[in-house]
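Take a look at the letters that make up each chain.
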Amino acid sequence: MNVGSGTRAESVLDVEHLSIAYETRKGDVEAVRDVTFTVRQGETVGLVGESGCGKSTIAFGIVNFLGANGKITDGHIRFQGQELTGRTQAELKAIRGHRLAMVFQDPMQALNPSVRLGDQLMEVLTCHQPISQDEARKRCVDMLRRVNMPDPEDVMRRYTHQISGGQQQRVVIAMAMLNNPALLIMDEPTTALDVTVEAAVLDLIEELKSEFHAANIFITHNLGVVARVSDQLCVMYAGQMVEKGPVEEIFHRPCHPYTRGLMAAVPKLGDSKADSLLYPIRGRVPAPADRPRNACVFAPRCDYATDRCREERPRMVEISAEHSARCFYAEDIDERPRTSRRRSRTAMPAEKTDEDRQAETLLQSEGMRLYYPKESDSVVSLFGLGEKKFVKAVDDVSLRLAKGRTLGVVGESGCGKSSLVKGLVGLEPMTGGELEFLGVDISDTVTDRELGLIKEMQMVFQNPDSTLNPSYTVGKQIARPIRRFKTVPKNKVKSEVVRLLRAVRLSAAYYGRLPRQLSGGEKQRVGIARALASRPDLIICDEPVSALDVSVQAAVINLLLEIQQTFGSAMIFIAHDLSVVRYFSDDIAVMYLGQVVEIGPADLIYDPPYHPYTEALLSAVPIPDPEAEQAKIRLGGNVPSALNPPQGCRFHTRCPRRKKMLPDEGKICTVEDPPWRQAKSGHRILCHIPIKELEKMDPVVHAA
Amino acid sequence: MSTSIVEDPEAVIQRRSFFRRCWDGFSVLLASKTATVGLIIVLFWVLSAIFAPFLTPYTPLEQDWKSPNEGPSPEHILGTDELGRDLWSRLIYGARIVLVILPVSEDFWIPGGTALWGVIVALVVGIILGLVSGYYGGWIDEITMRLLDAMMAVPIILLYLIIMAALGASAVNVVIAMTIVGTPGIARLVRSLTLDIRTREYVRAAETRGETPWYIMFVEILPNARGPIIVDAMLRVGYAIFAMGTLGFLGLGVPPPSPDWGSMVAKGREFILAGSPWAALWPSVAIASLVVGLNLLADGLREESMRYQ
């Protein structure tokens with residue numbers, strides 16, 4: 001992956017001591033300070049950092065996209081030797097789109113919804129070069145083919161909403177590559193995509209890199225993605241660059257405390273809570289107005305900080321020829337990154353017998369079905385005569401959850417995990433099947449359930465910004481479930497709230513604060529406290545950490561673990577990040593198109609035997625380790641519609657294994673429903689391929 | 001985040017007092033120039049109406065046959081109408097009925113004024129309808145909205161005419177008419193706000209707790225919709241005042257000899273060409289200034305609340 005360290009390619013972009021500030025009513029606010037890096041031809045520079053670190057601001061600064069109140073206050077940006085700062089709009093326009101292209105995060109917003117894709121693509125060419133329509137069209141079709149778009153001529157005639165998210169992003173990348181740019185900037189291009197789609201798009205980016213030799217800036221907050229894609233890595237914190245160097249070196253030997261903190265906060269695929277710890281970074285990122293000018297900006301959160309760090313701003317210290325870090329102690333920070341995370345493996349509990357399991361069952365579903373009726377547009381259906389169509393969001397799901405255990409549910413968008421949760425909690429009525437909780441049948445909606453049952457099943461939600469009611473204080477919102485379920489007598493409510501706040505590691509001062517005064521991580525903790533207020537036996541966590549920064553994620557996950565251990569609650573943990581799910585759960589269920597395709601103990605899921613879909617998911621997860629070897633199994637096609645799921649095995653339209661591992665080219669998968677194959681310890685897989693064949697598959701991940 | 005060991009949570013919990021919160025709301029108003037101007041105008045009329053008996057030596061009913069249709073003079077600041085009544089008194093007592101006092105019957109009155117009560121009752125009915133339609137959706141929503149659409153399809157003046165003709169002219173009936181006319185618009189606004197807020201996760205959290213729909217609508221959803229509703233309500237008071245002026249002009253408002261601004265304009269109209277525009281001018285200015293004041297207040301509030309979005 002590394003460009004040869006002998007002769008370096010020529011530099012395409014030189015950023016020197018760049019500072020960018022925004023004008024606000026209260027004066028200038030500095031978003032980026034003193035950033036220096038170089039991007040060379042054929043090289044990809046990864047720009048990594050959390051929200052608010054200024055990485056997108058740098059990208060906007062390079063293309064002069066800062067908006068009316070943003071300005072470059074210091075430093076130089078040289079593109080192919082030419083100075084970019086201080087240029088007029090007209091001059092920049094000639095450079096932009098021609099030699100410098102940008103790919104944004106949300107393809108839905110980057111593409112014009114009312115113009116055909118072909119027209120948009122051709123416009124990129126005709127705007128910058130004297131070229132005929134036919135020639136332009138030919139080149140566009142060519143480029144679409146190069147980005148692996150199926151049926152390119154047809155796609156030219158379509159509109160944005162007629163293609164899927166992954167395809168839209170490919171079109172955006174094609175648009176960016178059309179003029180053969182010298183520099184391509186990508187701002188979180190895969191964040192909005194599903195894991196398998198993301199893997200395919202990252203493959204594409206790598207292919208294009210070797211084909212076009214463009215210089216690349218890749219901005220992301222995901223360490224796994226950046227490990228895969230980049231050659232050089234720049235780590236940003238609070239508007240400053242804190243470390244930069246070759247990606248393998250930084251991952252192998254991170255020298256800045258922030259980089260080390262990030263690496264320690266992210267679970268690697270394969271880590272589990274039994275044998276490793278996640279170390280969150282305490283505190284929060286300082287707001288732009290609060291950043292000290294004459295001190296190390298990371299000092300308040302740093303475990304190694306000394307007085308010198310609080311009085312003097314460190315300069316970049318060179319650790320090796322290309323690796324430098326902004327820390328006084330960079331060279332002396334000792335090397336104990338990964339190994340110290342391991343803790344002694346807790347003894348595995350003895351295998352339980354079936355009777356033991358039955359006695360402890362908390363939640364059980366058999367053949368659960370949740371269909372949403374699709375409103376038909378025809379007049380016939382108005383009279384109730386037409387054929388009724390259903391979106392089969394959850395189709396025949398059978399699960400069992402024992403007391404105190406954690407079940408992780410994994411799947412991509414459209415797999416039915418949110419609908420599953422809604423059905424369990426009772427927000428949507430079940431269409432069929434049985435559901436039992438604490439021995440009581442709960443197939444009715446929440447309004448019909450008894451208060452005593454409702455109390456025992458509570459939820460933690462995904463989006464911290466909308467999980468709390470903005471009109472009421474934190475104390476009032478945590479007190480509400482306490483009062484409603486009468487867990488403590490009236491005069492003890494306040495102290496109970498304070499106790500819960502302490503349990504989620506917030507001080508009692510938070511009692512009177514409003515949600516808008518809290519950060520994302522704090523709001524999420526309040527959401528957890530609220531769920532705990534009724535002392536439930538089961539807590540359902542619907543993607544509780546996806547919307548949080550990496551360093552905060554670790555804190556919330558640790559909190560949930562603590563709660564698990566102290567209160568003994570069972571949990572259902574839904575996420576799309578496989579590493580986090582693996583870390584946190586005892587058992588895992590993999591869902592695809594409304595069905596559970598594999599379910600079993602967490603450590604058995606990540607090794608063969610796999611369901612072919614699980615295999616593809618595991619091979620798509622970006623691992624934050626540039627040296628890890630990961631199989632590359634990509635799924636073709638799109639997720640079929642849940643209105644009309646495929647006959648037989650639902651996965652058969654995209655299954656990469658069936659043609660080779662089954663007789664008759666896997667014809668049975670298109671006709672018959674697959675049976676459950678039993679592997680050891682309750683691990684089962686829904687597949688026609690016999691278990692012996694599945695066990696022979698190679699493991700997807702070989703750890704470094 | 002280290003937690004301090006404190007035995008008594010009360011010591012640490014800070015709650016902003018009621019007065020502090022009111023003051024904060026007020027300072028939002030004053031921060032906007034538009035809202036401040038509007039507030040001054042509205043306060044002028046409200047205070048004049050409240051302290052009316054102290055602001056003029058005359059009553060609105062006192063007739064002085066010797067000086068009809070006079071212009072502004074030292075005895076009558078704004079002049080007199082065709083029956084010699086002092087215009088300034090009739091103005092501020094007219095403001096009373098609109099803004100400050102609602103005469104329910106001969107001896108019984110309640111504070112508030114027709115315009116205010118019209119909007120308040122319309123708010124109550126409209127909010128309930130809007131919340132229910134927005135939250136439940138489905139048939140309830142369809143039927144309610146279509147009924148309200150039907151009401152909105154009738155031109156407002158016509159609707160007022162029909163209602164006043166059916167009910168008769170009195171202050172309470174004006175309030176009823178204003179309610180009927182104002183409810184559909186408010187219901188629609190509240191419904192669209194509810195549709196949006198209903199998707200938030202804190203509403204789902206409340207549903208997960210098994211809260212009743214009424215709790216969710218009034219405790220979880222409504223407080224978060226209060227911004228646009230307040231702004232709209234202020235505008236509606238303006239519309240209501242304007243409507244009262246129209247009704248009075250057509251002779252359908254509060255019956256004479258009450259100093260209704262609209263009927264004052266109607267009576268005074270005849271004398272404009274004869275050289276005495278005063279009886280028609282001042283009530284028109286009064287209506288216009290009050291409506292403009294309320295609009296400015298509403299605009300200013302909206303601006304300030306959007307500033308921090």
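Analysis parameters
Residues numbered from 1 in each chain as written. Chains lettered and ligands numbered in written order. Predicted model: local features only at pLDDT ≥ 70, side-chain atom pairs only at ≥ 80, totals over all residues. Domains from an automatic or database assignment. Core = buried A, V, L, I, M, F, W, Y, C linked by C-beta atoms within 7 Å. Buried ≥ 20, exposed ≤ 12 C-beta atoms within 10 Å, placed from the backbone. Contact = placed C-beta atoms within 7 Å. Helix = DSSP H or I, 4+ residues; strand = E, 2+ residues; numbered from the N terminus. Pairing = 2+ DSSP bridges. Expected span 1.5 Å × (residues − 1).

Enquirer: Help me out: how do you make sense of the domain arrangement of chain A in this one?
Expert: Many authors give the size of an interface as the accessible area that is lost as the parts come together. Once the domains are mapped, chain A shows domain 1 (111–178), domain 2 (252–341), domain 3 (354–588) and domain 4 (607–702). For domain 1 of chain A and domain 3 of chain A, the distance between their C-alpha centroids amounts to 43 Å.

Enquirer: Teacher, can you tell me more about the nonpolar core here?
Expert: Note that soluble globular proteins tend to have their nonpolar side chains buried in a common cluster. Core analysis: the largest hydrophobic core is formed by 284 residues, its most contacted members being A174, L183, L501 and I540 of chain A. Setting aside its immediate chain neighbours within four residues, A174 of chain A contacts L121, M143, L144 and V147 of chain A.

Enquirer: Where do I start with the domain arrangement of chain B in this structure?
Expert: Residues and elements named next belong to chain B. The domains assigned to chain B are domain 1 (29–112 + 256–309) and domain 2 (114–252). A separation of 27 Å is found between the C-alpha centroids of domain 1 and domain 2. Taken together, the 23 residues of domain 1 in the interface contact 23 residues of domain 2. Contributing elements (two or more residues each) for the side of domain 1 that touches domain 2: α5 (87–100), β1 (101–103), α13 (261–269) and α14 (278–307). With 10 residues, α14 is the single largest residue contributor to the side of domain 1 that touches domain 2.

Enquirer: Any chance you could explain the sheet that holds strand β11 (residues 317–318) of chain A here in plain terms?
Expert: Sheet strands pair by backbone hydrogen bonding; their relative direction is either parallel or antiparallel. Taken in spatial order, the 8 strands of this open sheet run β6-β7-β8-β3-β9-β10-β12-β11 (chain A), and their pairing is mixed. Sheet topology places β6 (100–103) and β11 of chain A at the edges, where each strand pairs with a single neighbour.

Enquirer: I would appreciate a short explanation of helix α19 (residues 520–532) of chain A in the present structure.
Expert: Side chains that are three or four residues apart share a direction in an α-helix, a result of its 3.6 residues per turn. The terminal C-alpha atoms of α19 of chain A lie 19 Å apart, and with 13 residues this matches the ideal 18 Å at 1.5 Å per residue to within 8%. By the criterion of burial, α19 of chain A is predominantly enclosed, with 11 of the 13 residues buried. For α19 of chain A, the full list of buried residues reads E522, K523, Q524, R525, V526, G527, I528, A529, R530, A531 and L532 of chain A. On the buried face of α19 of chain A, the contacting elements are β18 (457–460), α17 (474–485), α18 (493–503), β19 (538–542) and α20 (550–567) of chain A together with α10 (201–208) of chain B.

Enquirer: Sorry, what's going on with the pairing of strand β9 (residues 232–237) of chain A here?
Expert: Here is the key point about a regular strand: its side chains alternate between the two faces of the sheet. Residue and element names in this part refer to chain A. For β9, the tally of buried residues reaches 6 of 6 residues, placing the bulk of the element in the interior. Where burial is concerned, the two faces of β9 agree: the one with Q232, C234 and M236 and the one with L233, V235 and Y237 are both buried. Inspection of the sheet shows strand β3 (residues 44–48) paired to β9 by 4 bridges, in the parallel sense. Following the sheet pairing, L47 is matched in β9 by C234. Two elements, β9 and strand β10 (residues 240–246), share 6 bridges in a ladder whose sense is antiparallel. Counted as the bridge partner of M236 is M241 from β10. Where β9 hands over to β10, the hairpin turn is made up of 2 residues, of which A238 adopts a positive phi near 50 degrees.

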